[in-house]
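Residues per chain are reported as follows:
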Amino acid sequence: MNFIPNDKEPVYIQIIRYIKQQIVRGDIGVGDIIPSRREMAVMVRVNPNTVQKAYKEMEEMGIITTHRNYQSNITTDDEIIARIKEDLINESMDVFINSMKAINIKREEIIDIINDRF
């Protein structure tokens, strides 16, 4: 697991984003079992309560389902998976666009840069 927390936002939010990224990249498949809360806490070196909060949020979002406090699985709902991808794209674009606006880069220049680098 390649999770490296930062100090800019709560760790539970970072765990949620990490799981979302794993889903979109295909590292975790739909319906796959994810590590237990305790296992995840050990893997990312955080308090189990932090992981519990992340899992609870993901359950409320429909990203995971938990069966009788036993195991959690990634959703098989294609609409939720599509929404996860869209959310990640939007988050990244908002950060990028706001950064470019902060240094007065024009839209045309941004498009040229993207075309050159992508």
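Residues numbered from 1 in each chain as written. Predicted model: local features only at pLDDT ≥ 70, side-chain atom pairs only at ≥ 80, totals over all residues. Heavy atoms only, no water.

1. Here's the deal with the nonpolar core
So, point 1. Grouped together as the largest cluster of nonpolar side chains are 24 residues, with contacts concentrated most on I15, I19, I23, V51, Y55 and I74.
So, point 2. Mapped onto this core, the elements with two or more residues apiece are α1 (11-25), α2 (37-44), α3 (48-61) and α4 (78-102).
So, point 3. Among the elements that make up this core, the one with the highest residue count is α1 (six residues).
So, point 4. If we ignore the near neighbours within four places in the chain, the residues touching I15 are F3, V44, V46, T50, V51 and A54. (Core = buried A, V, L, I, M, F, W, Y, C linked by side-chain atoms within 4.5 Å. Buried < 20%, exposed > 50% of the residue type's maximum accessible area, 1.4 Å probe, protein only. Helix = DSSP H or I, 4+ residues; strand = E, 2+ residues; numbered from the N terminus. Contact = heavy atoms within 4.5 Å.)

2. A look at the UniProt feature "domain: HTH gntR-type" (unreviewed entry) in the chain
So, point 1. Annotation from UniProt places "domain: HTH gntR-type" (unreviewed entry) at residues 9-77.
So, point 2. In this annotation, residues 9-77 is assigned 54% helix and 14% strand; the end-to-end C-alpha distance for the span is 28 Å. (UniProt positions renumbered as here; feature names shortened; annotations may be inferred.)

3. Focus: unusual backbone geometry
So, point 1. Despite not being glycine, R45 has its phi angle at roughly 60 degrees, a positive value.
So, point 2. Turning to its location among the elements, R45 is positioned in the loop between α2 and α3.
So, point 3. Taking relative accessible area as the criterion, R45 reaches 77% and is therefore assigned exposed.
So, point 4. With a phi close to 60 degrees, N104 is a non-glycine residue in the positive phi region.
So, point 5. Among the structural elements, N104 can be located in the loop between α4 and α5 (107-117).

4. Let's talk about the packing of α1 against α3
So, point 1. Remark: α1 packs on α3, axes separated minimally by 8 Å, with the N-to-C direction vectors making an angle of 55 degrees. In terms of orientation, α1 lies oblique with respect to α3. Both α1 and α3 take part in a crossing whose hand is right-handed. Of the residues in α3, those in contact with V11, Y12, I15, I16, I19 and K20 of α1 are T50, V51, K53, A54, E57, M58 and M61.
So, point 2. A class-by-class count of the residues in the contact of α1 with α3 yields nine nonpolar, one polar and three charged. (Axes fitted to C-alpha atoms, helices over the stretch in contact; angles between N-to-C directions. Parallel < 35°, antiparallel > 145°, perpendicular 65-115°, else oblique. Left-handed = near helix turned anticlockwise from the far one by under 90°. Nonpolar A, V, L, I, M, F, W, Y, C, P; charged D, E, K, R; others polar.)

5. Considering the packing of aromatic side chains
Aromatic ring pairs are described here by two measures, namely the spacing of the ring centres and the angle between the planes.
So, point 1. Considering all chains together, one arrives at one aromatic pair under this definition.
So, point 2. With 5.6 Å between their ring centres and 80 degrees between their planes, F3 and Y18 make a pair best called edge-to-face. Residue F3 is found in the segment before α1, and its partner Y18 is found in helix α1; the two are separated by 15 residues along the sequence. Note on accessibility: F3 and Y18 belong to one class, buried.
So, point 3. The side chain of K53 reaches across the aromatic face of Y12, ending 4.4 Å from its centre. (Phe/Tyr/Trp six-rings, centres within 6.5 Å; stacked < 30°, edge-to-face > 60°. Lys NZ or Arg CZ within 6 Å of the ring centre and 35° of its normal.)

6. Thoughts on the sheet that holds strand β3 (residues 71-74)
So, point 1. The strand order across the open sheet built from three strands is β1-β3-β2, with neighbouring strands paired in antiparallel fashion. Of all the strands in the sheet, the pair left with one neighbour each is β1 (33-34) and β2 (64-67).
So, point 2. In terms of strand pairing, β1 meets β3 through two bridges, oriented antiparallel. When the bridges of β3 are listed, I34 appears paired with S72. (Pairing = 2+ DSSP bridges.)

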